[in-house]
Amino acid sequence: MIVLGIETSCDETSVAVVKDGTEVLSNIVYSQIVKHRPYGGIVPEIASRLHAECIHDLYKRALDQAGITVSDIDVCAVTHGPGLEGSLLVGVMFAKTFSKLTGVPLVPVNHLEGHIYSGFLDAVGSTDTSSQPLFPFISLIVSGGHTQLVRVHDYFNFEIVGQTRDDAAGEAFDKVARLLELGYPGGPVIERLAKEGNPKAYTFPRAMKHQGLDFSFSGLKTAVVQTFKEQQKLGTPVVPEDFCASFQKAVSDILIFKSLKACQESQCSTLLLCGGVTANRTLRESFAVEAAPHNIRLLIPPPSYSTDNAAMIASAGYFKYQHQITTHTEPTLYPDIRVIPNLSL
Ligand code: KG4
Ligand code: ZN
């Protein structure tokens, strides 16, 4: 079964073609980052205009690269939340129009579920299924807007076992980068500088370490700002490399500690990392080192599937559609999908 995936929830426009939920035939991503960078963050109006300008071209490229024509598409899956309203609307309108014109069934997908399904994708061209998650497993979703630990019981049952009480981890990366005037988005540039720095140079808190599975990153952000200002006052400005390394280590330590704890408490031996922050190579390596002694099977999709992409949406759409068919629920071919900016799991 061939699924066309469409993702426009934030500042990446993406169209993908995925076979049978796992085999990625194409995954075209256009990142708008350079257009938003001068403003130090995402400007929603610019984001939706750019989605509208490029989505049709991306659609054509996705089909070309997959070597298929429109008549090969069986299902269309589209992100309908959470995300920026204007951005989501572009993808949903495109998908609805496509579906009405072609008669291809339409499936709405929750972006957060999409991130979890990134764990089911094979590398382009590969049909190796040995790296697929086994239920039940714990998924850490860590992105610009979310930090959640989810117990995934099966394809359709998600239980949030922990989440941030304030900022998301990606948001903390972006805010620290803004403080240091490193530009937007913060994650990649902080990772680059941190590689050259000493993670023990500055002392930052690991908030709520022994209080359940929830996270808090606002205290870390405040500590980072305070240290930065104090050092300036003392006439000894912070060393960016050391500062980034210490901040990144504080985030990484708490993410790893709580994820392993979630696995232990939920008796799950598989841990899937997903969302933009998990593109961070240092974080990936630290997870691997820490998980090994606990016999945890760690699954980390390639970085191109960690950040926003339509392949994960197509995968989620495939499993949702299959579920509708096998439970004998007559799939609604053209559901009146509404955009839900604050949709949760
Ligand atoms: O999943 P994603 O692409 O979009 C959302 O759904 O939010 O995540 C974007 C977030 C941003 O906050 C960005 O700074 C962060 O992921 N990010 C990273 C890295 N690459 C992206 N954080 C740390 N290290 C990275 N290499
Ligand atoms: Zn995302």
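Described in the following lines is the structure provided in the data block.

Procedures and definitions
- Residues numbered from 1 in each chain as written.
- Chains lettered and ligands numbered in written order.
- Predicted model: local features only at pLDDT ≥ 70, side-chain atom pairs only at ≥ 80, totals over all residues.
- Heavy atoms only, no water.
- Salt bridge = Lys/Arg side-chain N within 4 Å of Asp/Glu carboxyl O.
- Buried < 20%, exposed > 50% of the residue type's maximum accessible area, 1.4 Å probe, protein only.
- Donors = N, O, S within 2.8 Å, 3.2 Å for Na, K, Ca; no water.
- Tetrahedral: all angles 85-135°; square planar, octahedral: opposite > 155°, others 65-115°.
- Near = heavy atom within 4 Å.
- Polar contact = N/O pair within 3.5 Å; in protein donor to acceptor, adjacent residues only side chain to side chain.
- Areas by Shrake-Rupley, 256 points an atom, 1.4 Å probe, with all protein chains shown as cover.
- Nonpolar A, V, L, I, M, F, W, Y, C, P; charged D, E, K, R; others polar.
- Helix = DSSP H or I, 4+ residues; strand = E, 2+ residues; numbered from the N terminus.
- Axes fitted to C-alpha atoms, helices over the stretch in contact; angles between N-to-C directions.
- Parallel < 35°, antiparallel > 145°, perpendicular 65-115°, else oblique.
- Left-handed = near helix turned anticlockwise from the far one by under 90°.
- Contact = heavy atoms within 4.5 Å.
- Pairing = 2+ DSSP bridges.
- Disulfide = S-S within 2.5 Å.
- Phe/Tyr/Trp six-rings, centres within 6.5 Å; stacked < 30°, edge-to-face > 60°.

**Details of the pattern of salt bridges**
By the definition in use, this model includes nine salt bridges. Lys195 is paired through a salt bridge with Glu191; the nearest N and O atoms lie 3.6 Å apart. On the basis of relative accessible area, Lys195 is assigned to the exposed category, the value being 53%. Several salt bridges share partner residues, and in doing so they unite Asp167, Glu171, Lys175 and Lys221 into one network.

**Topic: the coordination of the zinc ion (ligand 2)**
Coordination sphere of the zinc ion (ligand 2), protein contribution only: His111 (NE2), His115 (NE2) and Asp308 (OD), at 2.0 to 2.1 Å. For the zinc ion (ligand 2), the four donor atoms in the first shell make angles of 95 to 139 degrees at the metal, a pattern classed as irregular. For Asp308, a relative accessible area of 13% corresponds to the buried category.

**Examining the site of ligand 1**
Taken together, 19 residues are adjacent to ligand 1, and Gly144, Asp174, Glu191, Gly276 and Asn280 come closest. Measuring from an oxygen atom of ligand 1, one finds a side-chain N or O atom of His115 at 3.3 Å. A total of 550 Å² of accessible area belongs to ligand 1 in isolation, and the protein chains cover 89% of it. When its residues are assigned to classes, the shell around ligand 1 shows four nonpolar, 12 polar and three charged.

**Comments concerning the environment of Pro38**
Tracing the sequence through the fold places Pro38 in the loop between helix H1 (33-36) and helix H2 (44-66). In this structure, the C-alpha to C-alpha distance between Pro38 and Lys320, residues 282 residues apart in sequence, is 39 Å.

**Comments concerning the packing of H2 against helix H3 (residues 85-102)**
In the contact formed by H2 and H3, the axes pass within 8 Å of each other and the chain directions differ by 30 degrees. Overall, the two elements H2 and H3 adopt an arrangement that is roughly parallel. Here the hand of the crossing between H2 and H3 comes out right-handed. Contacts between H2 and H3 involve Ala47, Ser48, His51, Ala52, Ile55, His56 and Tyr59 from the former and Gly86, Ser87, Val90, Gly91, Phe94 and Phe98 from the latter.

**Considerations on the sheet that holds strand S6 (residues 137-142)**
The sheet built from five strands is open, its strands ordered S8-S7-S6-S9-S10 with mixed pairing. Looking at the sheet topology across the chains shown, the edges are occupied by strand S8 (157-163) and strand S10 (297-299). Averaged over all adjacent pairs, the angle separating strand axes in this sheet is 25 degrees, with direction ignored. Both S6 and strand S9 (residues 270-274) contribute to a ladder of four bridges, which runs parallel. Within S9, the position partnered with Ile138 by the bridge is Leu271. Across the sheet, helix H9 (residues 281-291) is in contact with S6, S9 and S10; its angle to S10 comes to roughly 170 degrees.

**A closer look at the state of the cysteines**
Counting across every chain of the model gives zero disulfides. Here Cys76 is not disulfide-linked; the sulfur of Cys54 is the nearest cysteine sulfur, at 16 Å. Cys76 gets classed as buried once you look at its relative accessible area, which sits at 0%. Distance from the sulfur of Cys268, which forms no disulfide, to the nearest cysteine sulfur (Cys263) is 6.4 Å. Classification of Cys268 by relative accessible area gives buried; the value is 5%.

**Side note on the packing of aromatic side chains**
Counted according to the given criterion, the structure contains 20 aromatic pairs. Arranged with centres 6.1 Å apart and planes meeting at 50 degrees, the rings of Tyr155 and Phe156 form a pair that is tilted. Judged by centre distance (6.0 Å) and plane angle (15 degrees), the rings of Phe215 and Phe217 are stacked. Phe217 matches Phe215 in its accessibility class, with the two residues each being buried. Ring pairing ties together the aromatic residues Tyr117, Phe120, Phe135, Phe137, Tyr155, Phe156, Tyr318 and Phe319, which thus form one cluster.

**Observations concerning the side chain of His115**
Mapped onto the elements of the fold, His115 is located in helix H4 (residues 111-117). Beyond its immediate sequence surroundings of up to four residues, His115 is in contact with Ile141, Cys274, Gly275, Gly276, Ser306, Thr307, Asp308 and Met312.

All quantities given are derived from atomic positions and should not be read as evidence of function.
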